[in-house]
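Fold and contact review
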Amino acid sequence: MTTHSITLAHWLALHTETALASVLLDLAHASTEIAGLIRGGALTGALGSLDNVNVQGETQKRLDVLANDICKRHLAANPAIAAIASEEEDNAIVFARPDAAYLVAFDPLDGSSNIDVNVTVGTIFSILPAPATTIDDTAFLQSGHRQVAAGYVVYGPQICLLLALPGQVVQFTADPASGEFLLTHDRLSIPAGARVISANVSNQSRWPPDLAATIQQWLDSGDYNMRWVGSMVADIHRILHQGGVFLYPTQSDRPQGKLRLLYECNPIGFIIENAQGSAADTLQTTPTSLHQRVGFIAGDQEAVTTLSDHST
Ligand code: P6P
């Protein structure tokens, strides 16, 4: 077994400029704290739901709030960050730092509806350049192609940090003994041609008809397998390693889609495209609001092209 001795800090020092490295390390440190809360489960009193509803109209899990607070604490202290935007915050949190280079948008705990039943969840992050103008919510309304970096931490049987920079996607795995993120995959590329559909097919009757028909043809062919964890980071992580296509299309009862553009689809789309997959036109979309929802198809290039041609 080869030893893995390159730490996240070492790799970042070799591949990113200092301020960006500090932002990514802060996100890694926040995720290590979140992992500790998740691992303890019911023992930490961190499970269950709260009485309040967030800006998404969703009942907040206790861990949603705790994970959000952990991310805010780590990021707020970094002088390279001009502002942060979170799924759990109505508006951006702006720091009076005219020289700060970066904006960070994040979903502190994606898939949290699974947390009480011990299913894999994740933290998703997107790093954008801070504009020279006044910083407010609108500073985040940049298309996904403008991301400087993006990634996620997947809290599963292993705790892995996926990081995409332009042209490369790397994976670090947390060493159970030290908690240190060590490089385990130095260039991830989506295997092409895998016939695996990742979708909540209970929504099929509400999808765009052409898309629903195409998926039905694939299912009827007997050539495709289905995988749906209900936690996007878990499903995307599988696609990065084994191929396939993820879709959460617009629906007749959700014409805007379900998934959020800024801190779910843009970072995931950036990762997928830098791993030689496709996220259709996601990264060309200019956001119109902080919590905008979109239809999302990403993964195997050929499958995404076929489905995108049928998704209107
Ligand atoms: P459904 C989790 O709530 C999430 O935002 C994604 O992580 C996941 O892919 C999707 O929603 C699951 O949605 O409708 O199948 O529960």
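Per chain, the residues get numbers from 1 upward, laid out in the order the sequence is written. Predicted model: local features are reported for residues with pLDDT of at least 70 only, side-chain atom pairs are reported and counted for 80 or more only, and whole-chain, interface and lining totals are derived from all residues. Only hydrogens and water are set aside; all other atoms, that is, all heavy atoms of the structure, feed into the side-chain values.

Observations regarding the UniProt feature "binding site: Mg(2+) 2" (unreviewed entry) in the protein chain
UniProt positions are given in the numbering used here, feature names are shortened, and annotations may be inferred rather than shown by experiment. When the UniProt feature table is mapped onto this chain numbering, "binding site: Mg(2+) 2" (unreviewed entry) sits at D107, D110 and E264. The named residues occupy 158 residues along the chain; their greatest pairwise C-alpha distance, 8.4 Å, places them in one compact cluster. Along the chain, the position of D110 falls in strand β5 (residues 102-110). Contacts: residue pairs with any heavy atoms within 4.5 Å of one another. With residues up to four places along the chain from it excluded, the contact list for D110 reads V121, G122, I124, S231, M232, V233 and E264. Counting from the N terminus, the helices are the DSSP runs of H or I reaching at least four residues and the strands are the DSSP runs of E reaching at least two. Position of E264 relative to the elements: it lies in helix α6 (residues 261-274).

Here's the deal with the domain arrangement of the protein chain
In this document the domain limits rely on a domain assignment from an automatic tool or a database. Per the domain assignment, the segments making up the protein chain are domain 1 (3-185) and domain 2 (196-308). A straight line from the C-alpha centre of domain 1 to that of domain 2 covers 22 Å. Contacts between the two partners involve 48 residues from domain 1 and, on the opposite side, 32 residues from domain 2. A simple way to read buried area is as the amount of 1.4 Å-probe accessible surface that goes missing from two parts once joined, with both sides added. Taken over both partners, the interface formed by domain 1 and domain 2 buries close to 2,900 Å², and the fraction arising from carbon and sulfur atoms is 63%. Ranking the residues of domain 1 by area buried against domain 2 places L141, H145 and Y152 at the top, with a combined share of 21%.

Considering the pairing of strand β13 (residues 245-248)
Exposure categories follow from relative accessible area, calculated using a 1.4 Å probe and restricted to protein chains: below 20% of the type maximum is buried, above 50% is exposed, and the middle band is partly exposed. Residues V245 and L247 line one face of β13 and the alternating positions F246 and Y248 line the opposite face, and both faces are buried. Bridge count for strand β11 (residues 196-198) against β13 is two bridges, and the pairing is parallel. Bridge assignment links S198 to a residue of β13, and that residue is F246. In this sheet, strand β16 (residues 296-299) lies alongside β13 in antiparallel orientation, the contact comprising four bridges. By the bridge assignment, F246 is partnered in β16 with A298. Criterion used throughout: strands pair if DSSP finds at least two bridges between them.

Observations regarding the environment of S22
By the secondary structure assignment, S22 is in helix α2 (residues 18-40). Under the relative-accessibility criterion, S22 is labelled partly exposed at 25%. In the structure, S22 is positioned 13 residues away from A9 in sequence and 8.7 Å away in space, judged by C-alpha atoms. Those residues in contact with S22, other than ones at most four positions away along the chain, are N78 and A80.

Remarks on the sheet that holds strand β12 (residues 225-226)
Ordered by their spatial adjacency, four strands build an open sheet running β12-β11-β13-β16, and the pairing between neighbours is mixed. Looking at strand neighbours, the two that pair on one side only are β12 and β16, the edges of this open sheet.

Section: the nonpolar core
Take the buried Ala, Val, Leu, Ile, Met, Phe, Trp, Tyr and Cys residues and link them wherever side-chain atoms come within 4.5 Å; each set so joined is a nonpolar core. The biggest cluster of nonpolar side chains holds 43 residues, and the ones touching the most others in it are V104, I127, Y155, L163 and F181. In terms of residue count, the dominant contributor to this core is α2 (10 residues). The residues touching L163, leaving out its near neighbours within four places in the chain, are W11, L12, L24, F125, A149, A150, G151, Q168, V169 and V170.

Comments concerning unusual backbone geometry
In the Ramachandran plot, N118 falls in the positive-phi region, its phi being about 60 degrees despite a non-glycine side chain. Structurally, the position occupied by N118 is in the loop between β5 and β6 (121-129). On the accessibility criterion, N118 (75% relative accessible area) is exposed. Residue Q276 is not a glycine yet carries a positive backbone phi of 65 degrees. Here Q276 shows up in the loop between α6 and β15 (293-294).

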